[in-house]
Each structure stands twice: as structure tokens, then as C-alpha cells.
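Residue-level listing of the chains:
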Amino acid sequence: MIFEKLTMRGSLCLAVVLLMAATAAEAHHSFAMYDHTRTLTLKGTVTKFQWTNPHAYLEIDVRDTKGAVKHYTLEGTSINMMQRIGWRSNMIRFGDSIKVVMAPVTSGEAVGLLLEVTLANGETKALGVPAENTFKRTPEQEQRP
Amino acid sequence: MMSAKTALLAAAGILVFAAFSHTPSSYAQAPQSAAGIPDITGSWERARDASIPAQSQPPLKPQFLKEQQAKTQAAREASAKGTPLADRATMCLPEGMPAMMGATFPIEILQSKGQVTIIEEAFTQVRRILLDQPQKAVDDVEPGFYGHSVGHWEGGTLVVDTVGVRENVVFQNAPHSADMRIKERISLGANGILRDDVTIEDPATLEKPWTFTFGYRRIPNYSLLEYVCEDNREFADEKGQQKFRVDTPANPGK
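Everything numeric here is computed off the predicted structure, so don't read it as measured data.

## A word on the overall build of chain A
Moving on, step 1. Regarding its fold elements, chain A presents two helices and six strands.
Moving on, step 2. For chain A, the N- to C-terminal ordering of α and β elements is α-β-β-β-α-β-β-β.
Moving on, step 3. Across the 145 residues of chain A, 36% fall into the buried class.

## Some details on the overall build of chain B
Moving on, step 1. The number of helices and strands found in chain B is two helices and eleven strands.
Moving on, step 2. Each helix and strand of chain B, placed in order from N terminus to C terminus, yields the pattern α-β-α-β-β-β-β-β-β-β-β-β-β.
Moving on, step 3. The buried share of chain B, reckoned over its 254 residues, is 31%.

## Things to note about helix H2 (residues 62-80) of chain B
Moving on, step 1. Compared with the 27 Å implied by 1.5 Å per residue over 19 residues, the 26 Å span of H2(B) between its first and last C-alpha is a close match.
Moving on, step 2. In the stretch just after H2(B), B:Gly82 is the one whose phi turns positive, near 80°.

## Thoughts on the confidence of the model for chain A
Residues and elements named next belong to chain A.
Moving on, step 1. On average, chain A scores 84 in pLDDT, and the residues at 70 or more come to 79%.
Moving on, step 2. Mean pLDDT across the elements of chain A bottoms out in helix H1 (residues 2-26) (43) and peaks in strand E4 (residues 97-104) (98).
Moving on, step 3. Low pLDDT, under 50, characterises residues 1-26; the predicted model gives this stretch ten contacts beyond four residues in sequence or across chains.

## A short note on the nonpolar core
Moving on, step 1. Counting residues in hydrophobic clusters, the biggest one holds 38 residues, and the most contacted among them are B:Met97, B:Ala103, B:Ile109, B:Ile182, B:Val198 and B:Ile200.
Moving on, step 2. Those elements that provide at least two residues to this core are strand E2 (107-112), strand E3 (115-120), strand E6 (157-163), strand E7 (181-188), strand E8 (194-201) and strand E9 (210-218) of chain B.
Moving on, step 3. With four residues, the top contributor of residues to this core is E9(B).
Moving on, step 4. With sequence-adjacent residues up to four places away left out, B:Met97 is seen in contact with B:Arg127, B:Phe145, B:Tyr146, B:Gly147, B:Thr162, B:Val165, B:Val169 and B:Ile182.
Moving on, step 5. Ranked by size, the runner-up nonpolar core spans 31 residues in total, among them A:Phe31, A:Ile92, A:Ile98 and A:Ala103.

## Notes on the interface of chain B and chain A
Moving on, step 1. With 30 residues of chain B in contact, the opposing surface of chain A contributes 24 residues.
Moving on, step 2. Split by residue class, the side of chain B that touches chain A holds 14 nonpolar, nine polar and seven charged.

## Some thoughts on the pairing of E3(B)
Residues and elements named next belong to chain B.
Moving on, step 1. Burial along E3 is one-sided: Val116, Ile118 and Glu120 are buried, and none of Gln115, Thr117 and Ile119, which face the opposite way, are.
Moving on, step 2. Where E2 hands over to E3, the hairpin turn is made up of two residues, of which Gly114 adopts a positive phi near 80°.
Moving on, step 3. Here E3 pairs with strand E4 (residues 125-131) via six bridges, running antiparallel. Paired with Thr117 across the two strands is Arg128, which belongs to E4.

## As for the environment of B:Gln241
Residue and element names in this part refer to chain B.
Moving on, step 1. Within the secondary structure, Gln241 is located in the loop between strand E10 (234-236) and strand E11 (242-244).
Moving on, step 2. Exposure remark for Gln241: the 15 C-beta atoms within 10 Å place this residue in the partly exposed category.
Moving on, step 3. In the structure, Gln241 is positioned 157 residues away from Pro84 in sequence and 6.0 Å away in space, judged by C-alpha atoms.
Moving on, step 4. Filtering out sequence-adjacent residues up to four positions away, Gln241 remains in contact with Thr83, Leu85 and Ala86.

## Section: the sheet that holds strand E1 (residues 42-46) of chain B
Residues and elements named next belong to chain B.
Moving on, step 1. With respect to topology, nine strands assemble into a closed barrel ordered E1-E2-E3-E4-E5-E6-E7-E8-E9, the strand pairing being mixed. Between one strand axis and the next, the sheet turns through 30° on average, direction left out of account.
Moving on, step 2. As paired elements, strand E5 (residues 148-154) and E6 share seven bridges and run antiparallel to each other. The residue bridging His152 from the neighbouring strand is Val159, located in E6.

## A word on the environment of A:Val69
All names here are of chain A.
Moving on, step 1. Positionally, Val69 belongs in strand E3 (residues 69-75).
Moving on, step 2. Taking the number of C-beta atoms within 10 Å as the measure of exposure, Val69 has 11 and is therefore exposed.
Moving on, step 3. Val69 sits 59 residues away from Gly128 along the chain, and the two C-alpha atoms are 29 Å apart.
Moving on, step 4. Filtering out sequence-adjacent residues up to four positions away, Val69 remains in contact with Asp61 and Arg63.

## Digging into unusual backbone geometry
Glycine aside, negative phi is the norm for most residues, and most peptide bonds take the trans geometry.
Moving on, step 1. A cis geometry characterises the amide bond from A:Asn53 onward to A:Pro54, with omega recorded as 5°.
Moving on, step 2. Looking at where A:Pro54 falls in the secondary structure, it is placed in the loop between strand E1 (40-50) and strand E2 (57-63).
Moving on, step 3. B:Pro98 follows B:Met97 through a cis peptide bond whose omega is 0°.
Moving on, step 4. When you line up the elements, B:Pro98 lands in the loop between H2 and E2.

## Here we look at the confidence of the model for chain B
Moving on, step 1. For chain B, the average pLDDT comes to 86, and 84% of its residues sit at 70 or higher.
Moving on, step 2. Both confidence scores are given for the complex: pTM 0.81, ipTM 0.78.

## Details of the pairing of E5(B)
Residue and element names in this part refer to chain B.
Moving on, step 1. Note that E4 and E5 share three bridges and pair parallel. Opposite Ile129, over in E5, you have Ser149 as the bridge partner.
Moving on, step 2. Counting the residues in the hairpin turn of E5 and E6 gives two residues, including Gly155, whose phi is positive at 65°.

Cut-offs used in this document
- Residues numbered from 1 in each chain as written.
- Chains lettered and ligands numbered in written order.
- Predicted model: local features only at pLDDT ≥ 70, side-chain atom pairs only at ≥ 80, totals over all residues.
- Helix = DSSP H or I, 4+ residues; strand = E, 2+ residues; numbered from the N terminus.
- Buried ≥ 20, exposed ≤ 12 C-beta atoms within 10 Å, placed from the backbone.
- Expected span 1.5 Å × (residues − 1).
- pLDDT = per-residue confidence, 0-100.
- Contact = placed C-beta atoms within 7 Å.
- Core = buried A, V, L, I, M, F, W, Y, C linked by C-beta atoms within 7 Å.
- Nonpolar A, V, L, I, M, F, W, Y, C, P; charged D, E, K, R; others polar.
- Pairing = 2+ DSSP bridges.
- Axes fitted to C-alpha atoms, helices over the stretch in contact; angles between N-to-C directions.

In C-alpha cells:
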């Protein structure tokens, strides 16, 4: 009974959080075009880290096991939001080897929403995507490109 | 030799200086009157726990409510399908009034002689509240994003009146007429929470005034960052859907 009450309270809290997140997100650019049900983890070489608003962009080349290169465009959040959580424009440079976790765009293009980056120095940093917990993470070994 | 009067004035000056130099603001002191006008100069962020959000169903007249609910529902459904509708943010347009007071990003308040200025970091939105001036007639204000705001202090409360917000600058999809009037009462509580009690009056579209409250907390030692909407790769396609421009690998971005 108590457990049931707690769960109900929990879902209510979650609903409120989601609603608030949705309201906050509505005021800015929508991330709804990205797949909320799965993520891709990519290891690649940086061709550009673009420090702009409304969002930062990260361009990377990813080499597959056969040596073919595929280019990905990854959308970040606002550089203002990124700065407030410790990001700096010089943290990623041309040619850096990095790892990213991204939510692929639903259109199937080689585009994704950047959720987290493991920098060349090994440090992992999140992007501060609003309502980030609504993007379901796929374990790396279960991923399909 | 210093007269008693001069000494008294000097002592009073030191006291006033001491009082002002201990305020939490890191800014140069704004003129403060003895009338209890609070120092609200500085950076603030939205305190959602101290806000009274606008109802998802504003007190619109039935035909306008229908329009507002349909728009909100369509946007929600499109987003749920992963094909969001383009909105004004897609076009990199600022929110305008009263949405900018929602402070998705921090705001800065500046008190200067005859004016209170509010800057919202996102889109570098600026509104000027002209103090102790008569409000203009709606017809004398060119419609804009922020409207024409005048204000005066009633004790510790800044009372603001805004007219001239463009009809396509909307809050929560609620339509409004050119005659919409936004009334605000901005006050600083003993708990350090700054509140903006907003009342929207628009008899043409609203059945009764629409009221809500934005609460803010000071952000110590924070200076607003610049925000230029420089490379917006999102755009509205011919169906009004938000799409994303993918640059060629040979020339990614700008």
C-alpha cells in the first residue's frame, strides 16, 4: 500500500518533471526529431567543432572495420548552456580522436543529437540536453548502426 | 574647523556608504532612494519552485481557447511522432513579452536613472521599463516584440504597464489582440526571491485577466554571456515542419 502510494507519487513527480522539461524545451529549439528510443556510440576524428548559437555542432569522420569513412554531423546544445556546465570552445580541436554518444535523427541521415563526448584526454562530458533522461541509452554491444 | 552640521553630514554619508557597500550586488550601485526601493540589479535565474505557472488552459474566450488548444495539441502530437512543427524558435526569433520573463536562460536587471532594463541571455532580449512616465496610447506605439513599458515604484514594488506587443508574438500559443496590456508587479521577498506577478488583460480574447507568477533567484558572480543566433541549421519546410540542414562533409558548417 505504502509502496503503491510511493510509486504513484513517483510517477506524478516524473510527470511534473517531464512537463516542466517540455515547457522549457518549447521556448527553444525542439529536439523531437531525434530518436528517443536508442543511442549510437561512435569513435571518430574531429573535422570541426563549431562554437555557435543556437547550438554547437561537432563534425566527425568515423572509419568502419573495412576502412570506409562515414561523416556524421552532431548537434549540441546552446554554447551558453554548455559554458554554464563547464564547456570551453577549445576542449575539442580539429583532428582529435573522440568518442560520442548520440541519439540518431529519425530521418536516417548521418546526423545525431550529441548527448555526451569522451574528449581526447579521456574525460567524459555531458552536453546538458534538456530532459536528457528521456533519451533511452542503448548499451554499446547492442547497438546497430 | 568642521562645523557640527558638516560633521553630521559626513557621518551620515559614511553610514550610507557603509550600508550600500555591503549589498550583495557586485555591480556599481544603482541610485537608491530612501523610499525603500530594493536593489534588484544583478543576474537572476528562474526559480521554478517559487513560480505560479500559467495554466495550460488560459482563460480565453471559447473560440480562442479552441484555437490555442488545437495549436498546442498539434505541436505536441508532431513532436511525439519525431516530426516537430517549426515555431518561431526554429526561425531564431526572440520570444518577446511576456515569454522572455520566463527566463529559460538567466536574466540581468539594471537599475539606472529613470529606467529599469531587463536583459534575457537567450537571443540577447532587452526590454526597457521607463520610470515615472505616462503610458502611451496603444495606437501611438509601433507594435514590437517587447512593447512599450512604463513603471513606477509603489514602496518596494515595481509596477509595470506594457502595451504594443505584436499580435504574432504569443505566449503559450494564446492569441491576443493589439490592445493586450501586460501588468506586472515586481517585488523582492525577504527570502531573496524576486517575483514578477503578471496579469494579462485583453478583453477581446480573454474572459478574465490571465495571471501567473515568475519567481527568480539571484545568481552570485554571474555575468550574462553573449548570444547571437548565428548558424541556425533548423528550418521550416513547405509543410511547416522543422527540418535540419546537413552540410556537405567537404564544407561542414560555416
